[in-house]
Each structure stands twice: as structure tokens, then as C-alpha cells.
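Listed below are the residues making up each chain.
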Amino acid sequence: MTMLAYALYFAALVGAALVLAAWMARVYSGIPALAGIERRVLRGAGINPGRDMAWGAYALAVLAFNLAGFALLYALLRAQGALPLNPDGIGGMAPDLAFNTAVSFVTNTNWQAYSGEAQLSHLAQMAGLTVQNFVSAGTGMAVAVAVIRGFTAPKGTTLGNFWVDLTRSVLWILLPLSVLLALFLAWQGVPQTLQGAVTVTGMEGAEQIIARGPAAAQIAIKQLGTNGGGFFGVNSAHPFENPTIASNLAQSLSLLLIPVAFCFLFGRMAGDRRQGLAIFAAMAVMFVVGLGTIHAYEVAGNPALGLGANMEGKEQRFGAMLSALWAASTTAASNGSVNAMHDSFMPLSGLVMLLNMQIGEVIFGGVGAGFYGMLLYVVLAVFLAGLMVGRTPEYLGRKVEAREVTLAVLAFLSMPLGILVGGAVAATVPQALAAVQDAGPHGLSEILYAYSSATGNNGSAFGGFGAALPWHTTALGLVMLLGRYAIIVPMLAIAGSMIRKTRAPVTAGTFPTHGPLFVTLLVLTVLILGALTFFPVLALGPIAEETARVAGQTF
Amino acid sequence: MANPAKIADMSGLYPAAIRQSVVKLDPRQLWHSPVMFVTAVVAVMTTLLGLRDLVSGTAGAGIALHIAVWLWLCVLFANFAEALAEGRGRARADTLRATKSETRVRVLAEPNDAPATATDVASTALRAGQFVYLAAGDIIPTDGEAVRGIASVNESAITGESAPVIREAGGDRSSVTGGTTIASDWIVMKVTAEPGKSFLDRMIALVEGAERQKTPNEIALNILLVGLTLIFLFVVVTLPAFASYSGTTIPVVVLGALFVTLIPTTIGGLLSAIGIAGMDRLVKANVIAKSGRAVEAAGDVDTLLLDKTGTITFGNRMADALVPAPGVEARRLAEAAALASLADETPEGKSIVEKAREMLGSVPAMPQGATPVAFTAQTRLSGLDLNDGRSFRKGAIDAVIRLTGQTPPGALAGQVDAIARSGGTPLLVAEGTQILGVVHLKDIVKPGVRERFAELRAMGIRTVMITGDNPLTAAAIAAEAGVDDFLAEATPEMKLDLIRREQAGGRLVAMCGDGSNDAPALAQADVGVAMNAGTPAAKEAANLIDLDSDPTKLIEVVMVGKQLLISRGALTTFSIANDVAKYFAVLPAIFVAAYPGLAVLNIMGLASPTSAILSAVIFNALVLIALVPLALRGVAYRPASAAQLLRRNLLVYGLGGLIVPFVGIKAIDLCLVALNLA
């Protein structure tokens, strides 16, 4: 039964992603019928859609657009108290928290050091966060498409036009899907209103304040755009954010939809579906192993508590299995929304979630971001093993040389830098240590989770961690920037360098980048280069906790 | 003169290599390999800490010093590998240098001056553009071009080939090489190389590794290794903070040991040795690379342009079949053909005699009093007149028809046409005025060539045969040899066009050539191999020079290039895969004090934390020295498709790299315990 349920889930996911990939391929090459609207939007913003950009110009456009988005959002959060659409009279956000929140949404992280219903006005939610939910996702998708062009397009110098790619991502992919999902969620009972909280008297006679707002629209894009920032503080565990089994399934499907579709889109753009399939297979293998681990541990539960499944921190209406599926999906996909409290999962479930983020969010990953992140590993895998066939390593007919390796290594360094250095400082400095709730290895896991989530632009957290401390709002904000742009810029540079190379024809001497052998190689590269780096800290965190648990010790 | 290719005994190189391993500890030299430099830094640090503890009497000094010893050995082993690779080259350079003795030479003002007017000049003072008169017994002082005369030259000093070769002014055989000797006659050469820039000088510098520059792939790999080192630096530097949070401390010595075992020391230490050894293998094959880049490019080649003559066929037409005329016995034809060819010393004539011997079992000896009739351009016939009045002739069709006054009978005429159509050459054989049959002469494809091309095809390399023959002949030979394509009636311009076309399609092209008119194509090709016997222009344009002037060498060069890349890739994969086991050895050792439960990670069951750390460090050093022979020899390479190569190498070096250290570290741990060292 369990296997069947999972199989159906994957079948639905892959089927929908295949259809979406076909649509995306058309969207990014330009659909004539929609060109008029695109032109009007872009001309309105003073952009010449016909001008293609070299990688440098593309990267500058990304950075400029995101910087402007950050400035606007920061200003809005600081000034929300004085602005309209604030029925509950919420005041302006503190500077460090506003910095953290603005960075978090611009980088598609949606780390929430605040609680939405208590600290955000409706205007900030709608014009601030929801807008960034769309455009930060659109940015990731545009960058991914540009990077894919660099690997697959005929020899040239330009990667496309950022403004066009962004507009197409938002208008023709994210918006339609979001409207559909928002309507479905509203039907399932998610509120969509501009009115403030209601005050009711409960059955015990105590007065209760029930928060509401324009939630359905924001939740739809938070899932589809792998944003993850919920309308309410407890995210999709909140009954208004995720009321039913149906809404839960729709949300956990939609959070993986676009990342999976990117694999198939890559195959289409490369003119060789097997290339996309290989990357999908590598991601899927790692995802299934991770999911299996979480499922096994959560369903088995903690014998120390004498219960069947591990239900602590989980919603009764979802149970262990749907919570496990969500946890695996949201950490793999760099989404960060939750329907259960990850802090309360079993230690090795926590380990899987940590690994999903630490390897750089490349198991499907964020929309666009997961795919170009995986291409980074592909470049490294091809370079490492490609030499073993006696040729200069090449990918899709283009040689991987010193320049690409340098850039890949640079991008690659951002994960250990953000997680290990950020985490080590947080584990040492007293101002930072105050955030840790639990003693022993679990406390270390909380720190690691926070810095892994921020660097991987995931956004989920181990609940006990006091993320609102000024130390962490600032430090986590910085590592979010590192985890986003220290990968985007080198990846665009790699694409810009690849597209200038002549494509060599495929011969029997060509290193095969599809098929089971390459999938194995790619998975091993991710595990050995990505995961092994974090083995020592994971040993001190979740593994130590697990061994202690087995020995009957709790923290 | 010793042949540079024949220095088999390497044992003499060991003492020098061991000395060099210490000399190479100089930080300025170590810096060229960042991974080994970092290892040396950690070794210095560990030594100092060990000594400090020794002086202050702190516990653990012994272990620190023990670790330090193995860290130093690791660096020394890497140096030794490099020194050994260089040493082999240097030994070759020394034998080459011996041919470079200074002599006096006769310099002429003008090439046409009489030798008597020459001035005596030291060979080392020669400048490019001067003319030198050289007679039998003279050593050719430097590189140049024969501008007058003809001489046979003994080039064994360079090529190892003892038969003298002809060098003459004009044409494609005008180039002379310094260090070779005039065997007979004389020439006037024009010096083309400036002092110290001759071919021999370049070769010496190359095999010594003095001019060694890192190749593109090597640079890229080095960057990756530096990147990995940086990542593990983050891992190790942040570890004390996490450990201290977990309530334990890790001694600096242990952190250093963990760091060195994690960084890719195996490939980092052997990388330059692999490169030097690769060049050395090329020199052994008597090919001089003008840059390391060309050797790597050889591994990437997609299309090979091969000259038909000498590479694919022997270059001489040979008798393939004897077809008798109607009513003539095959034995009679064979006897007649043999008699007509007995006095014929050309390869064609000899091959006819051979063919007859094959058919008859034996051939008649030269009859007493017989008169040979030599081939002339006018008669286009040759043969033998016996003193009993019989005469035997063989020759071109029209010549024999003219001689006998007869045309071949219908069936035979059909055979003659068929032979011509198949690209062969028909020769008629006649006794007196009777036409006995036809000899089928054809360009014989070298044995084994077909299999070689099949291998190349499996490797994804396309072969294109270049020939001056007409398309008919070319197609026949191409089909027989199994090349993928051919270029018939080829001109230098057509060659150049073909190369450009292939390159426009993204293919890398290799070719060999010797004539001056090959120079543009050689320069255009990604890998151009010039024959040493060829013209200076060709040698200048090429990036590789084959001293044996053997066009087949091109294939060998491709193999050397591939082997070089594979060796690097294999050892890199092995090195990185090793890290898994090392983590499992060291992590439980350093964390078990904080969390006793982490002993489950000690899956190898190592005796104690100390022995675990020591075992990992010792394994790290031992695996480096154990792989030196592999680095120098190169990874075994059998031609196969990329998919097959990847599968095999991933299995051997990837999976092997995962498993071997588990076994090795456990074994070392057992030894340490048995020896009471930890």
C-alpha cells in the first residue's frame, strides 16, 4: 500500500513534469502568439527584447534586478507600519530582521526569522513577499535556462536576454500554475481575504485571535517557486495554510514540479532526451534513498517513547508518511516549507534532510537553481572521470578546460564556506550560541541545519533554533547571499565560456554522459565531493545523536 | 653510438633520484605542486610540535614524531617519483649530449665555392645562414639543409637506425640533423639553426624536462586539486570549533594528519611524474614533441590523415596473382614469369619470383649463359634470353603487344581489364612471341593494418587515407585496408582543405608529412608529425617530429597521448575515492572520546585511536610510493570505446580506490599492533 502510494505520487509528478517541460521548451524559445504581450511588458520597462546578452551582461542584469528587489523589500518591511493594508496595525520591522527577511526572499530562500501573522502587514505579504516569491523563482529559472543554453546552444557568444527569460518564466509558467493551485487551495479551505484577524470566544470561554489574510495566492507560489515562506509562522502545518490531505498532496507535488521539469527541459534543449533523463535519474536515485530513510525512521518511531510512529511535531491529519514525503521533498527541492516540525524527526531523518541541503540543493533543488547546481557537479564529474577515457574531458561535445574547472571549484567552495565556517563561528560565539535550544549533538544539528538551510537557500529550520537573534539574522543573511550568487555568477561564466566552444561530434571515443554508468558516476561525485565534506560535522551531530539514542540516551 | 631509445637499465638512476628527493624539498621547487607543498607545511608543523612535546616531556611526543616521519616520507616519495622520471630523461640526454662534441668545420662563403677556399670554424660558433662543406667521416655540426651535392648519412645517433640514408640538395630529402655523420660522398649544407637551438639541443632540453611546461589538462587538474585542498582546509580548520562544542578537543597534530590524509596527495604527488614519464614514452618511441600540448592533443584526435605509401601499403607493387592465358598451364606461366624476373632486382621483380616459388615449390636457378634484358623507359620490358634461343619477357601491356605482334586472347584481355579496374597493374608475360598470361601487380596492404584501423574506429577515431593514386585505385586500397575515407589524387591544397573541413565540424585532426608542400597542412593540423628525413619547412610547421621517419608512428603518438590522460584520470579518481576509508579510520578515532557511541563508525575495527590515525597516515604515504611504477609506466591501455574504458577504469580505479584503503589501513593497523608501535 505504501509502495503503491509512493509510486502513484511519482508517476503523477513525472507525468506532469514531462508535460510542463514541453511547454517550457516552447515558452523559452518564444511563442509567437504571446510575443505581443511580452513586447508590451518589456517595452513598458524600457527593455529591448531583441538584444541578447553575453554572460557578463546577463549576470549583471540578475544582480542589478535582485539588488533593486532587495532595496524595495527592505524599505517596505521597515515602513509597513505607516503603509496601508495593515488591518492588524503591525509596526515596522527591526533593521537586522528586515535585512534578513529581504535577503531571504530575494534569494529564493524564504528563511523566516519572523512569524508572518505577527510581524507582517498584508501589504508586506502581498506586494513584498509574494512579488519576490515570483521574481526570485523567475530569476532562478532564467539563470538555469541561460546556463542550459551555454551548454547546448550552437557556438556563439550570448546566453539570451535576462529580462525576456524572467518575463517568460513569470508570465507563462509561474503565474498560470499559481492561479490554478491558488484556486484549488482556496477551494480546500485556505483563506484569501484582505480582512484582518478575527477574535472569537472559544469553547472554554477564553478569547482567541485567529489570523487570516490573502494566504491562498501566496501559498501557491511559495510551493511552485520553491520559495517555502509560509503565510503563517508554522507554514504548511497550519490548518489554514494546508487544511486537507488533498491540499497537502497538491502542495507536495507542486513543490517538486518545476525542478523535475527542468531535467526534461534540459534534454529537449540539448536535442538528446537521454541527457536530461540521466540527470533526472541521478537526482531521483538520491531522492528515493533519502525518502526511504526518512520514511523508515519516522514510521518505525522512537522505541524510547513506546509509540508506533514518531508523531512528535507532526500533524495528526497527515501522519508519519505524508510528513516524511514532505520533509524529503522540501529539503531536496530547496523549498523550505514544512508540514511537520523537522526538529522532532528522528536523528537520521534529520541527517538526510541536512545532506539534501549540504550537497548544494541539487536533488531537484530550487526552481532553476537545483538544475544549474547539479550541472556544477556534472562538470566536476566529467572532468574527473572524463580523463579516464583518454581525451580532454568534454560535456555535450564541449571541452571542460582550466577555466571551467576554476569556476566550478569557486562555485563549489561556497557550500563548505557557508555551512562549515558559518556553523563553526555560530558554535563558538556566545551571542550565537544563545539561539541553541537543546543540549548535546541535537543542539549542534540545530546550528548546522540553520546554516545548511541558509547556504542552500532552502529556508526550513529546526524549530528550536532562535533564528531571530541579531547575530544569526545578519550571519544567515550573508550566507544566503553567498549560497545564491557565489554559484549563479560562476555558473553563468561557465556557460558563457562553454558556448564559445565548437561542439565536437559524438564518436565512439566520446565520454558517454547518459546511461546507468554516468548516473552512478554522478551520484558518487555528489556523495564523495559534496557529502563527504560534511561527514565530520554530521558525525558530531545527527550520527552521535542516533548512536546515543540507540544506547538509550536522550538530549 | 648508443641509441637513446635503448636505455633499459634503470637501477643506476636510483641513487641520484634519492638524492634529488631531498634536494627537491626546497620550497621554491615544492611550490610547483601545491598539494605537496601543503603536505610539507603540515610536516614541518607536526615535527615542531613533536619536538616541543619531546622537550617539555608532554605525553604524545612519540606519536607526533611518528606521524611527522610519515608525512615527510609522503613528500619525499612524491619527490622521488618526479626525480626518477626526470632521471630517465636525463640519462637519455647524456647519451645525446655525447654526440654533440665540438669539432672544426669548413665554412664556405658561397655554396658554390670550392672546398679549398673554406675557412676553419668551431662547430659551436656556426650561425644560421652559413654554408658548411662536409665530406665522408664528418659529423654534421648542427641542423641544416643540403644545398649542393649528395651524400649518404648515418643517422643512427638520432634514430637508432644503422642503414645510412641519402641526403641531397633539392627535393624533400634535403634536411640534415646535427649529430649525424656523413658516411660517403659530400654535401654543402646551409645552417638553419642558431647555436643552442638545434634539434639535438631541443631534444636534450625536452628529455631533461628543463623546458617542461604544464599542459592544459594538467593545469586544469592542478586547479581542481587546489580546490579540493581548500575544501578540506575548511573541514579541518572548522573542526576544533565543532569538537569543542561537543566537549572534546582534537590535538593539532591529529588535525594535521587528518588534513594530509584527506587532500589528494596521491595524484598531487604523482602528477608531474606522470607528465614527464608520458613525454619520455614519446621519446622512447623516437618522437620529439615540440610542446607537451601536442601530446595531449594527440589523445583528443578525432581524424587521422594517413599517407597511403609507407603507412597503409608497403609502397611497392607486388605480384598478387599469375593468370594464365587460355590453353596455357599455370606452371608454364609461373616458370616463364620467374625466368623473366630472375635478373630483375626491383621489389616488383623479386615479388614475381616469390610468387612463382609459392606456386611451383621452387624456381629455376639462373641458367648458364643467359643474358638479362634490363628494363628501359623506351622498351618498358625486361626479361632473360637463354643460350638455347628461348627468350622470356614481361612488361607493360602495349609493350608486350608491340613485341609479340599479338593481342591477348579475349578471356585474358578481360582479366587484364579487371586487374586495371581493381586498381592493380597488369604485366604481360611472353615467351618468344606467345603471350602466356598476366601478372597482377598490386599495392599490398601491410599485414595487421586492417585490425589497427578497426581498433581506431572502436576508439572513435576516423582514418582518412591520403594518396596520389587515381580514385579507382584509391577506392580499392581503401576498401582493402578498411580506412573510413580516402582522398585520391591528393594535392597539398586538398589536404589543407580537408583538414579545415574536419576542424570546422569540431574534429581534431592529426597528420604526418615530410615535404615542404606539406608544411601548411602540418601547421593547420592539431597534431602534425613531421618525418625527420623531411624538409626543414615541414619540421618547422609540425609540432611533433618522428626521428624514424615512420608514418605509422602517428597511431603510436595517439596512444601515448591517450595513455597520459588516462593515467592522470585514473590516479585522480583513485586518490579521491580513498577519502571514504580514511574518514572511517580517523573520525571515530578523534570523536570517540566525546561520543563513545561513534565507535560504530570504526567499521574496520582498528585497535586504538592512535593506531587508526597512524595507519591512515602510513597508508597515505605507502600508497604513493606503491603507485610510482604505475605513474612512470602509465596505466595499461587497450584500444576500446570510451564507454568500455570508462566502465573498466571506473571499476579498477574508482571501486578499487574505495576498497583498497579499507584493506590497507586495516593491515597496517594489525602490523602496528603486532610491532607494539601504537
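Just so it is clear, the structure is predicted and the values come from calculations on it, not from any experiment. Residue numbering note: each chain is counted from 1, following its sequence as written. Chains carry letters and ligands carry numbers; both start at the beginning, A for chains and 1 for ligands, and go up in the order they are written. Where local features are concerned, this predicted model is filtered to residues with pLDDT of at least 70; where side-chain atom pairs are given and counted, the filter is 80 or more; whole-chain, interface and lining totals use all residues. Hydrogens are left out, water is left out, and the side-chain values use all remaining heavy atoms of the structure.

## Brief notes about the UniProt feature "binding site: ATP" (unreviewed entry) in chain B
UniProt marks Asp344, Glu348, Phe375, Thr376, Ala377, Gln378, Thr379, Arg380, Leu381, Ser382 and Lys394 of chain B with the feature "binding site: ATP" (unreviewed entry), using the numbering shown here. Counting from the N terminus, the helices are DSSP H or I runs at least four residues long and the strands are E runs at least two residues long. Tracing the sequence through the fold places Thr376 of chain B in the loop between β11 (371-373) and β12 (381-385). UniProt positions are given in the numbering used here, feature names are shortened, and annotations may be inferred rather than shown by experiment.

## Quick look at the interface of chain A and chain B
We call two residues contacting when some pair of their heavy atoms lies within 4.5 Å. Contacts between the two partners involve 61 residues from chain A, matched on the other side by 62 residues from chain B. Contact between chain A and chain B buries roughly 5000 Å² in total, counting both sides, with carbon and sulfur atoms accounting for 79%. Summed over both partners, buried area is the accessible surface (1.4 Å probe) that two parts give up on being assembled. The largest share of the area that chain A buries against chain B comes from Leu387, Met388 and Leu540 of chain A, three residues that together contribute 14% of it. We call two N or O atoms a polar contact when they sit within 3.5 Å, provided that within protein one can donate a hydrogen and the other can accept it, with sequence-adjacent residues counted only if both atoms are side-chain atoms. Linking chain A to chain B there are 11 residue pairs in polar contact (both at pLDDT 80 or more). When residues of the side of chain A that touches chain B are traced back to their parent elements, those giving at least two are α13 (369-386), α14 (402-426), α16 (440-455), α18 (516-531) and α19 (535-550) of chain A. By residue number, the principal contributor to the side of chain A that touches chain B is α14 of chain A, which donates 13 residues. Considering only residue class, the side of chain A that touches chain B consists of 43 nonpolar, 13 polar and five charged. In the scheme used here, Gly and all other residues not listed as nonpolar or charged are polar, with Ala, Val, Leu, Ile, Met, Phe, Trp, Tyr, Cys and Pro taken as nonpolar and Asp, Glu, Lys and Arg as charged.

## Considerations on the packing of aromatic side chains
Residue and element names in this part refer to chain A. The rule is short: rings of Phe, Tyr and Trp, with Trp giving its six-membered ring, pair when the centres are within 6.5 Å, and they are stacked under 30 degrees, edge-to-face over 60, tilted in between. According to the stated counting rule, one finds 27 aromatic pairs over all chains in the structure shown. Where Phe184 meets Trp187, the ring centres are 5.5 Å apart and the plane angle is 70°; that geometry is what we call edge-to-face. Of the two residues, Phe184 and Trp187 both sit in helix α7 (residues 162-188), three residues apart, roughly one turn of that helix. Only protein chains enter the accessibility calculation, which uses a 1.4 Å probe. A residue is then buried if its area is under 20% of the maximum for its type, exposed if over 50%, and partly exposed in between. What makes Phe184 partly exposed here is its relative accessible area of 27%. With a relative accessible area of 65%, Trp187 lands in the exposed category. An aromatic cluster of three or more residues is present, and its members are Tyr9, Phe10, Phe264, Phe280, Phe287 and Phe364. The rule for a charge over a ring is simple: NZ of Lys or CZ of Arg within 6 Å of the ring centre, and within 35 degrees of the ring normal. Over the ring of Phe345 we find Lys314, and its NZ or CZ is 4.0 Å from the ring centre.

## Quick word on helix α1 (residues 2-29) of chain A
All names here are of chain A. Taking 1.5 Å of rise per residue, the 28 residues of α1 would be expected to cover 40 Å, and the 40 Å separating its terminal C-alpha atoms lies within 8% of that figure. Where α1 is concerned, the buried positions are Tyr6, Tyr9, Leu13, Ala17, Leu20, Ala21, Met24, Val27 and Tyr28. In the core, the buried residues of α1 are packed alongside α6 (122-152), α7, α9 (245-270), α10 (273-300) and α11 (319-332). With its phi angle positive at about 95°, Gly30 sits one or two positions after the end of α1. How far a helix is expected to stretch is found by multiplying one less than its residue total by 1.5 Å.

## Things to note about the UniProt feature "transmembrane region" (unreviewed entry) in chain B
Residues and elements named next belong to chain B. Look at the UniProt record and you will see "transmembrane region" (unreviewed entry) annotated at residues 30-51, 63-85, 219-243, 249-274, 583-606, 612-632 and 652-675. For residues 30-51, the end-to-end C-alpha separation is 24 Å, with 86% helix and 0% strand making up the annotated structure. As annotated, residues 652-675 comprises 96% helix and 0% strand, and the C-alpha atoms at either end are separated by 32 Å.

## Some words on the domain arrangement of chain B
All names here are of chain B. Source of the domain bounds: an automatic or database domain assignment. Partitioning chain B into structural domains gives domain 1 (12-91 + 207-282 + 559-675), domain 2 (104-140 + 143-192), domain 3 (300-312 + 446-547) and domain 4 (316-444). On a C-alpha basis, the centres of domain 3 and domain 4 stand 35 Å from each other. On the domain 4 side, the residues contacting the nine residues of domain 3 number seven residues. Among the residues of domain 3 in contact with domain 4, Leu472, Thr473 and Glu480 are the three that bury the most area, contributing 54% of the side total. Here a salt bridge means any side-chain nitrogen of Lys or Arg lying within 4 Å of a carboxyl oxygen belonging to Asp or Glu. Along the contact surface separating domain 3 from domain 4 lie two salt bridges. Residues Lys442 and Glu480 are paired through a salt bridge, measuring 3.3 Å at the closest nitrogen-oxygen approach. Where domain 3 touches domain 4, the interface holds two residue pairs in polar contact (both at pLDDT 80 or more). Mapped by element, the contributors of at least two residues to the side of domain 3 that touches domain 4 are α11 (308-312) and α17 (471-481). No other element matches the five residues that α17 contributes to the side of domain 3 that touches domain 4. Looking at the side of domain 3 that touches domain 4 residue by residue, the class counts come to four nonpolar, one polar and four charged.

## Structural notes on the sheet that holds strand β16 (residues 462-466) of chain B
Residues and elements named next belong to chain B. Should DSSP find at least two bridges between two strands, the strands are regarded as paired. Taken in spatial order, the seven strands line up as β8-β20-β19-β18-β9-β16-β17 in an open sheet, and their pairing is mixed. Only two strands of the sheet have a single neighbouring strand rather than two, namely β8 (287-289) and β17 (485-487). Looking at each pair of strands side by side, their axes are set apart by 20° on average, direction ignored. Judged from the four bridges that link them, strand β18 (residues 509-513) and strand β19 (residues 527-531) form a sheet pairing that is parallel. The partner of Met511 across the bridge, within β19, is Gly528. Lines are fitted to the C-alpha atoms to define the axes, a helix being fitted only along its stretch in contact, and any angle between axes, read from their N-to-C directions, falls within 0 to 180 degrees.

## Re unusual backbone geometry
Of note, Asn235 of chain A is a non-glycine position whose phi angle comes to about 60°, a positive value. With respect to the element layout, Asn235 of chain A can be found in the loop between α8 (215-224) and α9. A relative accessible area of 3% means that Asn235 of chain A is categorised as buried. Even without being glycine, Asp185 of chain B reaches a positive phi, approximately 65°. Tracing the chain through its elements places Asp185 of chain B in strand β7 (residues 181-191).

## Focus: the side chain of Thr455 of chain A
All names here are of chain A. By the element assignment, Thr455 lies in helix α16. For Thr455, a relative accessible area of 0% translates into the label buried. A distance of 2.6 Å separates a polar side-chain atom of Thr455 from the backbone oxygen of Tyr451. With residues up to four places along the chain from it excluded, the contact list for Thr455 reads Ser414, Met415, Gly418, Ile419, Val479 and Gly483.

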